[in-house]
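Breakdown of the fold
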Amino acid sequence: MTDDEIWDVVAFLRVLPTLSAEEYRRGEDGRPPTAQPDKNEASKARVGDARAGRNALQQYLCVTCHAIPGVPGAWNYVGPALGGIAERPYIAGVLNNTPENIVRWLRSPSTIKPGTAMPDLGVSEQDARDIAAFLDTLQEGP
Ligand code: HEC
């Protein structure tokens, strides 16, 4: 990242705790923070890759809200800690925990659970599959 980009992230992290989920979703200029998902994406996407998923987590700021074992900077508790997520029966208490459902959740939490505090982040189909593959590696520790 350039110095300017780093300062943008610092500024964002300072205001993040003051934003409601609605404000976060809207973004500063009234538009959603990222592009809307492309409907044809699903057919183009390859099978999920856990390593790519671990990197994609950074891009979508998952780390600003979740504690995620083995991911630098991920020690926040706005949302549930994701360690052991692979063994939990439900996603956000409402959806059976399968890889396909994790992809659906990541693509649009508000569709699955209206009013949830997890924002729609514009995660692409491919990135959602990669992240789901990574989350599937997060077993509960001994
Ligand atoms: C602005 C904060 C925020 C961001 C950013 C965020 N989440 Fe969440 N996440 C939450 C909250 C809050 C919940 C709990 C939602 C609920 O139960 O309604 C949640 C729930 C989840 C769950 C279900 C956890 C469980 O125990 O059932 C998963 C999986 C998840 N998030 C993954 C991610 C991933 C991956 C990203 C990045 C693509 C991400 N989150 C980005 C706040 C966030």
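Overview of the structure. Numbering of residues begins from 1 in every chain and follows the order in which that chain's sequence is written. Local features are withheld for residues below a pLDDT of 70 in this predicted model, meaning they are given only at 70 or higher, and side-chain atom pairs are given and counted only at 80 or more; totals for whole chains, interfaces and linings count all residues. The basis for the side-chain values is all heavy atoms of the structure; hydrogens and waters are excluded.

1. A look at the overall build of the chain
Within the chain, the regular secondary structure consists of seven helices and two strands. Helix and strand definitions here come from DSSP, where helices need a minimum of 4 consecutive H or I residues and strands a minimum of 2 consecutive E residues; each element is numbered from the N-terminal end. In the chain, the succession of helices and strands from N to C terminus is α-α-α-α-β-β-α-α-α. When accessible area is computed with a 1.4 Å probe and restricted to protein chains, residues below 20% of their type maximum are described as buried, those above 50% as exposed, and intermediate ones as partly exposed. Per-residue burial for the chain yields a buried fraction of 35% across its 142 residues. Contacts are assigned to residue pairs with any non-hydrogen atoms lying within 4.5 Å of each other. Residue pairs at least 24 apart in sequence account for 48% of intrachain contacts in the chain once pairs closer than 6 positions are excluded. Methods summary: accessible areas were calculated by the Shrake-Rupley approach with a probe of 1.4 Å, and residue burial reflects only the protein chains presented. Accessible surface, the chain as shown: approximately 8900 Å² in total, 56% of it carbon and sulfur.

2. Notes on the coordination of the iron atom of the ligand
With water excluded from the atoms, a metal site may look incomplete; its donors are any N, O or S atoms within 2.8 Å, or within 3.2 Å for Na, K and Ca. Ligation of the iron atom of the ligand by protein atoms is provided by His 66 (NE2) and Met 118 (SD), these donors lying 2.0 to 2.1 Å from the ion. The coordination sphere of the iron atom of the ligand comprises six donor atoms, whose angles at the metal cover 88 to 179°; the geometry is octahedral. Highlighted residues: His 66 in the loop between helix H4 (50-59) and strand S1 (90-91) and Met 118 in the loop between helix H6 (109-112) and helix H7 (125-135), separated in sequence by 52 residues. Neither His 66 nor Met 118 differs from the other in exposure class; each is buried. Four donors are marked tetrahedral only if all angles between them lie between 85 and 135 degrees, whereas four are marked square planar and six octahedral if opposite donors are more than 155 degrees apart and the other angles lie between 65 and 115; the remainder are marked irregular.

3. Some points on the packing of helix H5 (residues 99-107) against H7
The contact between H5 and H7 brings their axes to 9 Å, and the two run at 125°. By the angle class used here, H5 and H7 are oblique. As H5 runs across H7, the sense of the crossing is right-handed. On the side of H5, the interface is formed by Pro 99, Ile 102, Val 103, Leu 106 and Arg 107, while H7 contributes Glu 125, Ala 128, Arg 129, Ile 131, Ala 132 and Leu 135. Per-class residue counts for the contact of H5 with H7 are eight nonpolar, no polar and three charged. The convention used is that axes are lines fitted to C-alpha atoms, helices contributing only their stretch in contact, and that angles between N-to-C directions extend from 0 to 180 degrees. Reported orientations rely on four angle classes, namely roughly parallel under 35 degrees, roughly antiparallel over 145, roughly perpendicular from 65 to 115, and oblique for the rest. Two helices that cross are described as forming a left-handed crossing if the nearer one is turned anticlockwise from the farther one by less than a right angle, and a right-handed crossing if clockwise. Side-chain classes are defined by residue name, with Ala, Val, Leu, Ile, Met, Phe, Trp, Tyr, Cys and Pro counting as nonpolar, Asp, Glu, Lys and Arg as charged, and the others, Gly among them, as polar.

4. Comments concerning the layout of surface pockets
A probe as big as a water molecule, rolled over the atoms, marks out the empty space that is left. Looking at the largest pocket, its volume works out to about 710 Å³. In this analysis the probe radius is 1.4 Å and the grid spacing 1 Å, with only protein atoms considered; a cavity is a set of points the probe fits into but cannot get out of, a pocket is an open set with protein on both sides within 12 Å along at least five of seven lines, and lining residues have an atom within 4 Å of a point. Taken together, 33 residues form the lining of the largest pocket, with Cys 65, His 66, Gly 79, Met 118 and Pro 119 sitting closest to its centre. For the lining of the largest pocket, the elements supplying multiple residues, two or more each, are helix H2 (21-26), H5 and H7. Of the residues forming the lining of the largest pocket, the biggest block, three residues, is contributed by H5. In terms of residue class, the lining of the largest pocket is built from 26 nonpolar, five polar and two charged. Grid points are joined across faces, edges and corners, and a volume is the space filled by probe spheres set on the points.

5. Some details on the nonpolar core
Residues grouped as a nonpolar core are buried Ala, Val, Leu, Ile, Met, Phe, Trp, Tyr and Cys residues, joined through side-chain atoms within 4.5 Å. Counting 28 residues, the largest nonpolar core has Ile 68, Ile 131 and Leu 135 as its most contacted members. When contributions to this core are tallied by element, the ones reaching two or more residues are H4, H5 and H7. For this core, the element with the most residues is H7, which contributes five residues. When sequence neighbours within four positions are dropped, the list of residues in contact with Ile 131 reads Gly 53, Ala 56, Leu 57, Tyr 60, Leu 106 and Val 123.

In short, shape yes, function no, at least from these values alone.
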